[in-house]
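A look at the structure
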Amino acid sequence: MREELHPGLEVVTVALDTGGADAAVPWIDHAKTTHPALIDAAHLLDELLGVVNVPTGVWIDERGMIVRPPEPAFPWRPRALPEDVLAALPAITVEQLDEAARMRIDPDAYVAALRDWVAHGSRSRYALAADEVLARSRPRPPEESRAAACFELGQHLHRTGHADDAVRWFREAHRLAPDNWTYKRQAWTFADPLQGPTPEYDSDWLTEVRKIGAENYYPAVEL
Amino acid sequence: MIVDRLDRPPPGLEQRTGWGVKPEGACRGDVCVPLASPFDLRDLSRRLGMALVHDEQHGVWALGPDSGGRALHTAELPDIVLPDRNGEDFSLRSLRGTKVCMIAWASW
C-alpha cells in the first residue's frame, strides 16, 4: 500500500510495546520497512491520541491536522494459514486464530478511502473536519485517567525489574478501562506470551473475545 | 507520566500533556487554570482531572492525562517524537507537507 501511494502519502508505523526495541525490532526487520517505523515503549499514543487496540490508524494532513482519529485500520485481510503450519502451532493459538477470523474488518473499504483521500485531499469525504475528529475521539472520564496512570505504574515497575509488583497496577488498569485491549494484551503478554489463562490475571484473550463476540472486537469504522 | 516528587512541575509536563505551569497557573493554549501556591502536584491533579496514583512501596507516582472531555482536545497532532529501530528520534512534525497514515501495531 505504501509503495502504491507514496509519495502522496507516507506511512508511519508505531509499535506499542513496553518491551521497546527488543520486542519490536525483529518484526520491523522481518518486514523490511521502507517507511518510518517507530517504537513507543511508553504507550504514549494510548494517552495522547486515545489508542486502545491494534492495528489502529490515524490520518494526518499536510498541515499536521488529524483528519481521521484513531480507528481500526487493516490494509489487508489476514490470510488463513496452511494446514501444515496450523498443525505446528500451539492449540491455543489455533483457537485464537479461529476467533480472529470472525472479526469484523473491511480492508477493501479502508484502503479505498485512503486512496480517495490521497487523490482528493480535503475534498475527500473521508477527510473529517476538526469538529468531527474531536466528536469521534474517545471520551476520557476520570476512571480512564486513573487507568492510564495505573498502566504507566505497571510499565515502570515492569521495566525497572519489579515485574511481580507491576501486576496489581495492570489489573487495576484493566478494571478501570475494561474495553482497552492495549492495556490487557500488553500485560497478559508478560505473564504468558500466548495470552492464555494465567494465575496473575482474571481473564485472557480468548475468554474476553468470546464474552463480547469476535465480531465486536473492533468497532465498526464509520467511513 | 512517572513522577518522584510533588513539589514541582514534572519535567516534560507540557510536552506530554500540553499543560504548562506559568505564573497564571496551568495553561494550555488560551486556557489557564489557577493553581495553589506553593506548587503541589496534587493540586494540579485535582484541578485538571489528572489522576495521581501513588505506589507507596516503590515511592513513585504516576500522573494520568486530564479527564472530563475526550482523548483529543484539538485536531492538531501533538508533537510526537519517538525512536526508530536504531534508537534515533523521529518527529512526526518532520512530515509536515505530506499526508500521513500512522498505524499503531504491536508484537503482542
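Residues numbered from 1 in each chain as written. Chains lettered and ligands numbered in written order. Predicted model: local features only at pLDDT ≥ 70, side-chain atom pairs only at ≥ 80, totals over all residues.

1. Side note on the packing of helix H9 (residues 163-176) of chain A against helix H10 (residues 181-191) of chain A
Axis angle and axis distance: for two packed helices, these are the angle between their axes and the distance between the axes, and together they describe the pair. All names here are of chain A. Our working rule: Lines are fitted to the C-alpha atoms to define the axes, a helix being fitted only along its stretch in contact, and any angle between axes, read from their N-to-C directions, falls within 0 to 180 degrees. A helix here means a DSSP run of H or I that spans at least four residues, while a strand means a run of E at least two residues long, and both kinds are numbered starting from the N terminus. The cut-offs work like this: below 35 degrees is roughly parallel, past 145 is roughly antiparallel, 65 to 115 is roughly perpendicular, and the gaps in between are oblique. In a left-handed crossing the near helix is turned counterclockwise from the far helix by less than a right angle, and in a right-handed crossing that turn is clockwise. What counts as a contact here is a pair of residues whose C-beta atoms, placed from the backbone, lie within 7 Å.
Close contact between H9 and H10 brings their axes to 10 Å; oriented N to C, the two are set at 155°. Viewed along their axes, H9 and H10 adopt a mutual orientation that is roughly antiparallel. Relative to H10, the crossing made by H9 is left-handed. The residues of H10 that touch H9, namely those facing Ala-163, Phe-170, Ala-173 and His-174, are Tyr-183, Lys-184, Ala-187 and Phe-190.

2. Section: the nonpolar core
Inclusion rule: In this usage, the nonpolar core is the set of buried Ala, Val, Leu, Ile, Met, Phe, Trp, Tyr and Cys residues whose C-beta atoms join them within 7 Å. Partly exposed residues are those whose C-beta has more than 12 but fewer than 20 other C-beta atoms within 10 Å; 20 or more makes a residue buried and 12 or fewer makes it exposed, with C-beta atoms placed from the backbone.
Among the nonpolar cores identified, the biggest contains 42 residues, and A:Val14, A:Leu16, A:Ile66 and B:Met102 are the most heavily contacted of them. If sequence neighbours within four positions are ignored, A:Ile66 has contacts with A:Val58, A:Trp59, A:Ile60, A:Val133, B:Leu72, B:Ala75 and B:Leu77. A:Ala173, A:Ala177, A:Phe190 and B:Leu13 belong to the second largest nonpolar core, which has 34 residues in total.

3. Focus on the pairing of strand S10 (residues 99-105) of chain B
Put simply, the rule reads: Strands are treated as partners if at least two bridges between them are detected by DSSP.
Most of S10(B) is tucked away: 6 of the 7 residues are buried. With 7 bridges connecting them, strand S1 (residues 9-16) of chain A and S10(B) associate as parallel partners. When the sheet's bridge partners are listed, A:Glu10 is paired in S10(B) with B:Val100. Pairing geometry for strand S3 (residues 56-60) of chain A and S10(B), over 5 bridges, is antiparallel. Bridge pairing links A:Ile60 to B:Val100 in S10(B).

4. Let's talk about the sheet that holds strand S1 (residues 2-3) of chain B
With antiparallel pairing, the 3 strands of this open sheet are ordered in space as S1-S6-S5 (chain B). The open sheet terminates on both sides in strands that have one partner only, identified here as S1 and strand S5 (52-55) of chain B. As paired elements, S1(B) and strand S6 (residues 60-63) of chain B share 2 bridges and run antiparallel to each other. Counted as the bridge partner of B:Ile2 is B:Ala62 from S6(B). The strands that helix H8 (residues 142-159) of chain A touches are S1, S5 and S6 of chain B; relative to S5(B), the one it contacts most, it runs at about 30°. Running at roughly 140° to S5(B), helix H2 (residues 41-48) of chain B makes contact with S1, S5 and S6 of chain B of the sheet.

5. Thoughts on the environment of B:Pro83
Its location among the elements puts B:Pro83 in strand S8 (residues 81-83). Apart from residues lying up to four places away in sequence, B:Pro83 is in contact with A:Leu38, A:Ile39, B:Glu88 and B:Asp89.

6. Considerations on the interface of chain B and chain A
Rules: Each residue is assigned to one of three groups, with Ala, Val, Leu, Ile, Met, Phe, Trp, Tyr, Cys and Pro labelled nonpolar, Asp, Glu, Lys and Arg labelled charged, and all others, Gly among them, labelled polar.
With 48 residues of chain B at the interface, the matching set in chain A holds 69 residues. Top element by residues in the side of chain B that touches chain A is S10(B). It accounts for 7 residues. Considered class by class, the residues forming the side of chain B that touches chain A number 29 nonpolar, 10 polar and 9 charged. Across 2 bridges, strand S5 (residues 139-140) of chain A lies against strand S7 (residues 69-70) of chain B in antiparallel orientation. Its bridge partner being in S7(B), A:Pro139 is matched across the sheet by B:Arg70.

7. Details of the domain arrangement of chain A
All names here are of chain A. Let me state the cut-off plainly: Bear in mind that the domain bounds are from an automatic or database domain assignment.
Partitioning chain A into domains gives domain 1 (2-76 + 105-136) and domain 2 (142-215). Placing a centre on the C-alpha atoms of domain 1 and another on those of domain 2 gives a separation of 24 Å. Of the residues lining the interface, 10 residues belong to domain 1; the matching set on domain 2 comes to 9 residues. For the side of domain 1 that touches domain 2, the class distribution of residues is 5 nonpolar, 3 polar and 2 charged.

8. Some words on the sheet that holds S10(B)
Note: strands within a sheet are paired through backbone hydrogen bonds, in either parallel or antiparallel orientation. Sheet architecture is open: 5 strands sit in the order S2(A)-S1(A)-S10(B)-S3(A)-S4(A), paired in mixed fashion. In this open sheet, the two strands that pair with only one neighbour each are strand S2 (37-40) and strand S4 (66-72) of chain A. Taken pair by pair, the neighbouring strands of this sheet meet at an average axis angle of 20°, ignoring direction. Here S1(A) runs beside S2(A); their pairing, made up of 4 bridges, is parallel.

9. Brief notes about the environment of B:Pro23
Relative to the helices and strands, B:Pro23 is located in the loop between strand S2 (20-22) and strand S3 (25-28). Counting along the chain gives 12 residues from B:Pro23 to B:Leu35, while the straight-line C-alpha distance between them is 9.0 Å.

10. Observations regarding unusual backbone geometry
Cis peptide bonds are those with omega within 30 degrees of zero, and the linkage from A:Val54 to A:Pro55 qualifies with -5°. Look at the link from B:Ser37 to B:Pro38: it is a cis peptide, with omega at 0°. On the secondary structure map, B:Pro38 appears in the loop between strand S4 (31-33) and H2. Located in the positive-phi region is A:Lys32, a residue other than glycine, with phi close to 50°. If you trace the backbone, A:Lys32 turns up in the loop between helix H2 (20-31) and S2. Located in the positive-phi region is A:Gln195, a residue other than glycine, with phi close to 60°.

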